[in-house]
Amino acid sequence: MNAILAIAEARAAGVELGLDGDALALEASAPPPPAVIESLSRHKAEIIALLSPADDGWSALDWLTFFGERARMAAVHGLTGIEAEARAFACCVVEWLNRNPARSPSGRCLGCGQAEHSHDPLLPFGTDQTGHAWLHSRCWPAWHATRKADAITTLAAMGINQPRTHR
Ligand SMILES: [Zn+2]
């Protein structure tokens with residue numbers, strides 16, 4: 001994760017990083033130290049990838065920042081290393097599910113694909129803001145587990161991993 005280190009160094013030197021189209025854009029009130037510029041250009045492609053937002057509007061860097069903040073907050077509340085990371089990871093999963101809501105038309109179950117039956121109504125999962133996914137209540141647990149697995153896979157691809165808790 002050298003690109004992340006390069007970003008952290010740049011920020012510490014007062015350089016704001018952004019994207020101008022597909023290019024990396026720097027903003028600083030004073031000329032940054034040559035070492036910062038050098039490491040930014042060495043990791044340029046990776047940094048651009050980290051800064052590029054996904055469909056949910058957040059970049060990998062946004063997720064890493066969110067994870068770091070949640071881990072720090074958990075530590076402030078007295079959790080230790082791996083517990084704080086586990087809490088932060090759980091927060092990331094919830095946030096990902098909220099930012100990537102599932103919607104489906106009413107009248108058909110998103111889990112099994114079948115229609116509503118009088119003995120087995122379809123229920124709306126989700127919120128009014130994000131829209132609803134319609135499922136039979138018995139189809140929800142498996143569907144939700146799949147969604148959670150999607151969140152974990154996506155987060156892992158950005159370098160945020162579920163801590164091993166030895167339990
Ligand atoms: Zn169903």
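J.: Would you mind showing me how to read the coordination of the zinc ion here?
T.: A four-donor tetrahedral metal ideally has 109.5 degree angles, and a six-donor octahedral metal ideally has angles of 90 or 180 degrees. For the zinc ion, every protein donor is listed as Cys-109 (SG), Cys-112 (SG), His-136 (ND1) and Cys-139 (SG), and the spread of their distances is 2.0 to 2.4 Å. Site description for the zinc ion: donor spacing in sequence, C-x2-C-x23-H-x2-C. One end of the pair, Cys-112, is in the loop between α5 (81-99) and β3 (122-127); the other, Cys-139, is in the loop between β4 (131-136) and α6 (140-157), and 27 residues separate them in sequence. Take Cys-112: its relative accessible area is 33%, and that puts it in the partly exposed class.

J.: Sorry, what's going on with the side chain of Asp-56 here?
T.: Its place among the elements puts Asp-56 in the loop between α3 (44-51) and α4 (60-76). The buried charged residue Asp-56 lacks any salt bridge, with Arg-99 as its nearest oppositely charged partner at 4.7 Å. Engagement of the side chain of Asp-56 in a polar contact is seen with the backbone nitrogen of Trp-58, the distance being 3.0 Å. Of the polar contacts made by the side chain of Asp-56, one reaches the side chain of Asn-100; its length is 3.0 Å. Setting aside residues no more than four positions away along its own chain, Asp-56 makes contact with Trp-63, Trp-96, Arg-99 and Asn-100.

Rules and cut-offs
Residues numbered from 1 in each chain as written. Predicted model: local features only at pLDDT ≥ 70, side-chain atom pairs only at ≥ 80, totals over all residues. Heavy atoms only, no water. Donors = N, O, S within 2.8 Å, 3.2 Å for Na, K, Ca; no water. Helix = DSSP H or I, 4+ residues; strand = E, 2+ residues; numbered from the N terminus. Buried < 20%, exposed > 50% of the residue type's maximum accessible area, 1.4 Å probe, protein only. Lys, Arg positive; Asp, Glu negative; His and termini not counted. Salt bridge = Lys/Arg side-chain N within 4 Å of Asp/Glu carboxyl O. Polar contact = N/O pair within 3.5 Å; in protein donor to acceptor, adjacent residues only side chain to side chain. Contact = heavy atoms within 4.5 Å.

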